[in-house]
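Tertiary structure, described
Here is how the chains run, residue by residue.
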Amino acid sequence: MTSPQPAETRTRGRSSQTATLAEIAREAGVSAPTVSKVLNGRADVAPATRARVEELLRAHGYRRRRAEATRSPLIDLVFHELESAWAMEVIRGVENVARDTGLSVVLSESAGRLTPGRTWADQVAARRPHGVVLVLSGLDESQRALLTSRSIPFVVMDPAGDPGSDVPSIGATNWQGGLAATRHLVELGHTRIGAISGPTRMMCSRARIDGYRAALETAGLPVDPALIRTGDFHHEAGYRQGLELLRRPDRPTAVFAGNDLQALGLYEAARELGLRVPDDLSVVGFDDLPVARWVGPPLTTVRQPLTEMAEAAARLVLELGRGEDGSAAATRVELATSLVVRSSTGAPPAPGAPVG
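Quick notes on the rules
Residues numbered from 1 in each chain as written. Predicted model: local features only at pLDDT ≥ 70, side-chain atom pairs only at ≥ 80, totals over all residues. Heavy atoms only, no water. Helix = DSSP H or I, 4+ residues; strand = E, 2+ residues; numbered from the N terminus. Contact = heavy atoms within 4.5 Å. Core = buried A, V, L, I, M, F, W, Y, C linked by side-chain atoms within 4.5 Å. Buried < 20%, exposed > 50% of the residue type's maximum accessible area, 1.4 Å probe, protein only. Salt bridge = Lys/Arg side-chain N within 4 Å of Asp/Glu carboxyl O. Phe/Tyr/Trp six-rings, centres within 6.5 Å; stacked < 30°, edge-to-face > 60°. Axes fitted to C-alpha atoms, helices over the stretch in contact; angles between N-to-C directions. Parallel < 35°, antiparallel > 145°, perpendicular 65-115°, else oblique. Left-handed = near helix turned anticlockwise from the far one by under 90°.

On to the side chain of glutamate 311. With respect to the helices and strands, the residue glutamate 311 is situated in helix 11 (residues 306-321). In this structure glutamate 311 touches Gly93, Asn96 and Val97, once residues within four positions along its chain are discounted.

Structure (structure tokens):
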């Protein structure tokens, strides 16, 4: 089987190119077909070998043909977990942009890891999508180098950590959302306000809890570490941590649950203990998933514009692929959050009032 023509060219002509490819193969200690595989984005090359060959190609002055001509009509969408209504809102946003531009979406999951697996970048390089949107995920240095070398742009949505100054990202005003949620409870008269955060490794959950702390401190209320619990953004964590908070003899009269799924778990814990929402316990979530309007009572929450964030990430990655970023600096965009007041929050119970 003959190899496809390399995706890179030099300006000196075919015979010089062939000689140089042989030279690169000798320098790299690999065969000429292996160099050809790297040039054409084939997945069956070891990462260390690929990196060595790519470096030599750059040193010898190879440049790619226009990436537009070799791209597949795809956007790669990568989740660290793909199992909740939260993910469906993100998929809907990316699909909206893909559909309008005649592209399809490839879904991947990194099984809870904050960077995709070792072979993922090779598979993406072989697919040659128009771009990659990573959700609550990032790339290690070798993955970034490979995608960059293949002219495949990438954008991180809601980055788990600091994505770096050179990585475009789309996020939300998480700190402001945590502040607004807690300030709402303070204005209702609550003074013992608990919180169930998301994973501490995620920047968004840390920002929400920082906003919670800021609201308490601004109101002159103490920040009690015993009332702050760490969850994982899942229903079970809201239930488990909620039971611990609500079984305390000095239990909080309100809880900022960190996200809607944990708020639903907290609802279940309150019911199990005979507490009524909002008569005995006020609850605020974060995200404003569709289910927040359906539960009883409907959930007060902070709206995070997930679909709009995903649309913005998809549009940005396509603009980067067309060279429309307009700046060498990475783009960092934060979309505004907003408090949505429903029926799960109210004034705290009067001292000595019966529970349940």
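Read on for the rest.
Moving on, we get to the nonpolar core. Leu77 and Met157 are the most contacted members of the largest nonpolar core, which totals 35 residues. Mapped onto this core, the elements with two or more residues apiece are strand 3 (74-79), helix 4 (85-100), strand 5 (131-135), strand 6 (154-157), strand 7 (169-172) and helix 11. The greatest single-element share of this core, amounting to nine residues, is contributed by helix 11. Excluding anything up to four places from it in sequence, methionine 157 contacts Val90, Val133, Leu134, Val135, Leu136, Ile170, Leu306, Met309, Ala310 and Ala313. Residues Val255, Ala263, Leu275 and Leu299 belong to the second largest nonpolar core, which totals 18 residues.

What follows concerns the pattern of salt bridges. Overall, the coordinates contain 13 salt bridges when judged by the stated rule. The partner of aspartate 76 in a salt bridge is arginine 127, with the nearest N and O atoms 2.5 Å apart. Of this pair, aspartate 76 sits in strand 3 while arginine 127 sits in helix 5 (residues 120-127), placing them 51 residues apart in sequence. In this structure aspartate 76 comes out as buried when scored by relative accessible area, which is 0%. We note a salt bridge from arginine 144 to glutamate 141, for which the minimum N-O separation is 3.6 Å.

On to the packing of aromatic side chains. Scanning all chains against the criterion turns up one aromatic pair. Relative to phenylalanine 286, the ring of phenylalanine 256 has its centre 6.5 Å away and its plane inclined at 50°; by these criteria the two rings are tilted. Of this pair, phenylalanine 256 sits in strand 10 (residues 254-256) while phenylalanine 286 sits in strand 11 (residues 282-287), and the two are 30 residues apart along the sequence. On the basis of relative accessible area, phenylalanine 256 is assigned to the buried category, the value being 0%. By relative accessible area, which is 0% here, phenylalanine 286 ends up buried.

Take the packing of helix 4 against helix 11 next. Where helix 4 contacts helix 11, the axes come no closer than 7 Å and their chain directions differ by 40°. When the axis of helix 4 is compared with that of helix 11, the two are oblique. You can see that helix 4 and helix 11 cross each other, and the crossing is right-handed. Contacts between helix 4 and helix 11 involve Trp86, Glu89, Val90, Arg92, Gly93, Val94, Asn96 and Val97 from the former and Leu306, Thr307, Ala310, Glu311, Ala314, Arg315 and Leu318 from the latter.

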